[in-house]
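The chain contents come next:
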Amino acid sequence: MLRLPNLFRLLALAALVAFLVQPQWFEPLLRPLVQENAPAIYNQGSLLQLTLLHLRTVAIATAGATVVALALAILVTRTSGAEFLPLSRSLVNIGQTFPPVAVLALAVPIFGFGEKPTLIALFLYGLLPIFENALTGLTTLPQSTMEAARGTGMTGRQRLLKIELPLAMPVILAGIRLSVVISLATATIGSTVAARTLGEVIIAGLQSNNLAFVVQGGLIVAVLAVLIHDALQAAERSLGSRMGR
Amino acid sequence: MIEIEGITKRYGETTVVRDVSLTIAPRTVTVIVGTSGSGKTTLLRMINRLVEPTSGTIRLDGEDNRSLPGYELRRRIGYAIQGHGLFPHRTVAQNIATVPTLLGWDRARIDAKVAELLTLFQLDPAAFGPRYPHELSGGQQQRVGVARALAAEPKVLLMDEPFGALDPIIRAKAQDDLLAIQKHFETTIVLVTHDMEEAFHLADRIAVMDKGEVVQYTTPAEMLVKPATGFVESLIGAGERPFRLLAIETVATAVEPGTAEGKAISSAVSQREALSTLLWSGRKALPVVGPDGVLIGKVSLDGLAQRAAGRS
Ligand SMILES: Nc1ncnc2c1ncn2[C@@H]1O[C@H](COP(=O)(O)OP(=O)(O)OP(=O)(O)O)[C@@H](O)[C@H]1O
Ligand SMILES: [Mg+2]
């Protein structure tokens, strides 16, 4: 039996797919937003292709940020790495406070126009939520559980892989979810330096004063963000409920 | 055999365990008692090196416990933690299988062991094996914790207040089960408890800790008759002493020649139970039968009174 929120999600997904595959079906809806003879549906490329490229950029940047942030969090929560905790915290914080637009501006002279500056900006911006959450997850494990893990004769690596990471996983996933949602929105600015993302649609709309373009570009990003957010949250919940949280 | 020699643990300025020496005979139950914060848990955890002592040595069967890596040592020693410490993301069966899995037992042997232990602790393997710890009651969790400690059939078992969360009936059952398991596997058990009743019931020897020191280490009977310090005396509870003395011995040692009227009592029950029966039935003496049901004499109110006063 489908519950109401899931029904809405399913409908949103169906509408999104339909819009990406057959955008002209939605033409009458967007028509009122534009002047007489302007196009109501983005006509400078395939929306589907831009969406997939957008998702790819976000996926690569988030995967990179996850690997680095998680490795860093694991390192600084071992007794041997504890002294690096303050240093890595401030490094990651800088990554977060540095505006992505500034990163783009700095990266273009080095890497040229295209996807690379965007990837770097998203990567840096996505580090902090994952790192902070992984740190919280790994440092707030129940004391008696950790004692038991040592008491049963697990080595440090076994404790990490069999106990600490699985137990911290819901919190780590929450960090990844935050990072993904931020990146989905932030990736649009990559189009200012010629990265192929949904930002193209919005920028095209702004340049030609076409409100319909801006709305469809924005809506696709928003629906993607909501759907991915909810899917990751459901994964966290199912992991968490098994542990009785 | 566990030989603890001059063990001291300091955290900064404070000495938590001070110069403790104990020799624990194989296949016995040693119970550590003492007030909260007296260093019982710390002493226990220095045996499996969850805590490294500041000075002193501990030998297991003559071998220094630092002669192998800590994690290998701990796979050989069962440890039932204060407050169970089950892994919340693993099922009951997976929890119990922890050490056998680390030791690389094959699947069939592990499954058989898990089923055996669950059955032993009155938990149906089919119903409880696949559950997660949060789906159990506190008492069930604690039993699973003890089962996990026993899974790899360790020769030494350390238990930190293992029965704290059990109700009196299940607790008594768990204690008797533990003694049966101990006899069966010939395990050496070191157990920490706050419950003096439990201590006298289980112990071959009791170690009393006070402010980090062991102030007395002896048999329950000896401790009742000759408490080493005022602290030990107060721990035993002055009002309880005669009854504890009767509780630790069976009727068999109190049998007198002759016979008495009425329903006979078994020589295997505790003298305390015999006294209780005498008082409740208002009689002066009861006939006693041996294990084979043959009359072997009587047990009298006067005789038990003498014993309760420690004058037998
Ligand atoms: N890691 C630690 N650092 C500093 N002090 C500690 C540490 N572990 C224990 N202590 C102190 O050592 C003392 C003894 O602790 P321990 O846990 O051995 O007591 P216990 O006899 O088991 O008490 P309880 O009956 O309450 O469990 C306590 O005062 C405690 O605060
Ligand atoms: Mg304790």
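One can find the structure itself at the top, above this paragraph.
Predicted model only: the values in this text are computed from it and were never measured.

What counts and how
Residues numbered from 1 in each chain as written. Chains lettered and ligands numbered in written order. Predicted model: local features only at pLDDT ≥ 70, side-chain atom pairs only at ≥ 80, totals over all residues. Heavy atoms only, no water. Pairing = 2+ DSSP bridges. Helix = DSSP H or I, 4+ residues; strand = E, 2+ residues; numbered from the N terminus. Axes fitted to C-alpha atoms, helices over the stretch in contact; angles between N-to-C directions. Contact = heavy atoms within 4.5 Å. Buried < 20%, exposed > 50% of the residue type's maximum accessible area, 1.4 Å probe, protein only. Polar contact = N/O pair within 3.5 Å; in protein donor to acceptor, adjacent residues only side chain to side chain.

Participant: Requested: an account of the sheet that holds strand β10 (residues 213–218) of chain B, with residues and values cited.
Facilitator: Residue and element names in this part refer to chain B. Here six strands make up an open sheet; going across it, the order is β6-β7-β8-β3-β9-β10 and the pairing mixed. On the outer flanks of this sheet lie β6 (77–80) and β10, each paired with one strand and no other. For this sheet, the mean inter-axis angle between neighbouring strands, taken without regard to orientation, is 15°. The sheet contact formed by β6 and strand β7 (residues 156–160) spans four bridges and is parallel. Bridging from a neighbouring strand, Ala 80 pairs with Met 159 of β7. Against the sheet, helix α8 (residues 168–185) touches β3 (29–34), β7 and β8 (188–192), its axis set at about 155° to β8.

Participant: Report on the side chain of Thr 57 of chain A, specifying residues and quantitative values.
Facilitator: All names here are of chain A. One can find Thr 57 in helix α3 (residues 47–77). Taking relative accessible area as the criterion, Thr 57 reaches 1% and is therefore assigned buried. For Thr 57, the side chain forms a polar contact with the side chain of Glu 115, separated by 3.0 Å. Each residue touching Thr 57, except ones within four places of it in the same chain, is listed here: Glu 115, Thr 118, Leu 119, Leu 122 and Thr 197.

Participant: Describe the side chain of Arg 171 of chain B, naming the residues involved and giving the relevant values.
Facilitator: Residues and elements named next belong to chain B. With respect to the element layout, Arg 171 can be found in helix α8. The class for Arg 171 is buried, based on a relative accessible area of 17%. A polar contact of 2.7 Å, which involves the side chain of Arg 171, links it to the side chain of Asp 195. Arg 171 has contacts with Phe 163, Gly 164, Leu 166, Asp 195 and Glu 198, leaving out every residue within four places of it along the chain.

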